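Letter by letter, the chains look like this.
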Amino acid sequence: MKKKNIIRVCSVCKQNFNRQELIKITCFKNKEEKLNIILDSNYNIPGRSIYIFKSKHCVIEAKKYKKKILNKLKRPLYPELEKELEGILNYLIENLPENSCPLVKSLEVS
Ligand SMILES: [Zn+2]
């Protein structure tokens, strides 16, 4: 069976990518009705979500705009979620390769 290409936009550089090239961060309610922000590696957790291209560059940029991301997740007023988001972004910054996003590459070339 042919795998469908699912295209999503990086919240940082606003470019389209195949979903597998993006990190999905989802805000969902757990069984205790508590909100959590998690790394949705299998792209299958329901809830408000954002996508960030898998590069250190885009994640570092995303870290500067945590409030905007929380806005996109419709949870701007939850400081504990901001901490969770920061934890995820820090984890990603430590673990992602140095490669920058295509937008940066195209800017360097031109
Ligand atoms: Zn990006």
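Model, not experiment: these values are computed from the prediction. (Residues numbered from 1 in each chain as written. Predicted model: local features only at pLDDT ≥ 70, side-chain atom pairs only at ≥ 80, totals over all residues.)

### Observations concerning the overall build of the protein
Inference 1: If you tally the helices and strands in the protein, you get four helices and five strands.
Inference 2: Element order for the protein, N to C, with α for helix and β for strand: β-β-β-β-β-α-α-α-α.
Inference 3: Contacts in the protein between residues far apart in sequence, at least 24 positions, make up 60% of those at least 6 positions apart. (Helix = DSSP H or I, 4+ residues; strand = E, 2+ residues; numbered from the N terminus. Contact = placed C-beta atoms within 7 Å.)

### Observations regarding the environment of serine 11
Inference 1: Its location among the elements puts serine 11 in the loop between strand E1 (7-9) and strand E2 (16-18).
Inference 2: Along the sequence, serine 11 and isoleucine 52 sit 41 residues apart, while their C-alpha atoms lie 5.7 Å from each other.
Inference 3: Apart from residues no more than four positions distant in its own chain, serine 11 is found in contact with Ile50, Tyr51, Ile52, Ala62, Ile69 and Lys72.

### Brief notes about the pairing of strand E4 (residues 35-39)
Inference 1: Inspection of the sheet shows strand E3 (residues 22-29) paired to E4 by five bridges, in the antiparallel sense. From the neighbouring strand, phenylalanine 28 faces E4, where its bridge partner is asparagine 36.
Inference 2: Linking E3 back to E4 in an antiparallel pair, the connection comprises five residues, with glutamate 33 at a positive phi of about 65 degrees. (Pairing = 2+ DSSP bridges.)

### Here's the deal with the sheet that holds strand E5 (residues 48-53)
Inference 1: Spatially, three strands are ordered E4-E3-E5 in an open sheet, and the strand pairing comes out antiparallel. With partners counted over all chains shown, the strands left at the sheet margins are E4 and E5, one partner each. Adjacent strand axes in the sheet meet at a mean angle of 20 degrees, parallel and antiparallel pairs treated alike.
Inference 2: As defined by bridge partners, E3 adjoins E5 across six bridges and the pair is classed as antiparallel. Residue pairing across strands places isoleucine 23 opposite isoleucine 52, the latter belonging to E5.
Inference 3: The strands touched by helix H3 (residues 79-95) are E3 and E4; relative to E4, the strand with the most contacts, the crossing angle is about 10 degrees. (Axes fitted to C-alpha atoms, helices over the stretch in contact; angles between N-to-C directions.)

### Notes on the nonpolar core
Inference 1: Residues Cys10, Ile52, Cys58 and Ala62 are the most contacted members of the largest nonpolar core, which totals 20 residues.
Inference 2: Listing elements by their share of this core, those giving two or more residues are E3, E5, helix H1 (56-64), helix H2 (66-72) and H3. (Core = buried A, V, L, I, M, F, W, Y, C linked by C-beta atoms within 7 Å. Buried ≥ 20, exposed ≤ 12 C-beta atoms within 10 Å, placed from the backbone.)

### So, unusual backbone geometry
Inference 1: The phi dihedral of tyrosine 43 falls on the positive side, at around 55 degrees, and the residue is not glycine.
Inference 2: By the secondary structure assignment, tyrosine 43 is in the loop between E4 and E5.
Inference 3: One non-glycine residue, lysine 74, lies in positive phi territory at about 60 degrees.

### Details of the confidence of the model for the protein
In low-pLDDT regions, the fine details of the predicted coordinates are not to be read closely.
Inference 1: A residue-level look at the protein finds 86% of positions with pLDDT of 70 or above and a mean pLDDT of 86.
Inference 2: The weakest mean pLDDT in the protein belongs to helix H4 (residues 102-109) at 52; the strongest belongs to E1 at 96. (pLDDT = per-residue confidence, 0-100.)

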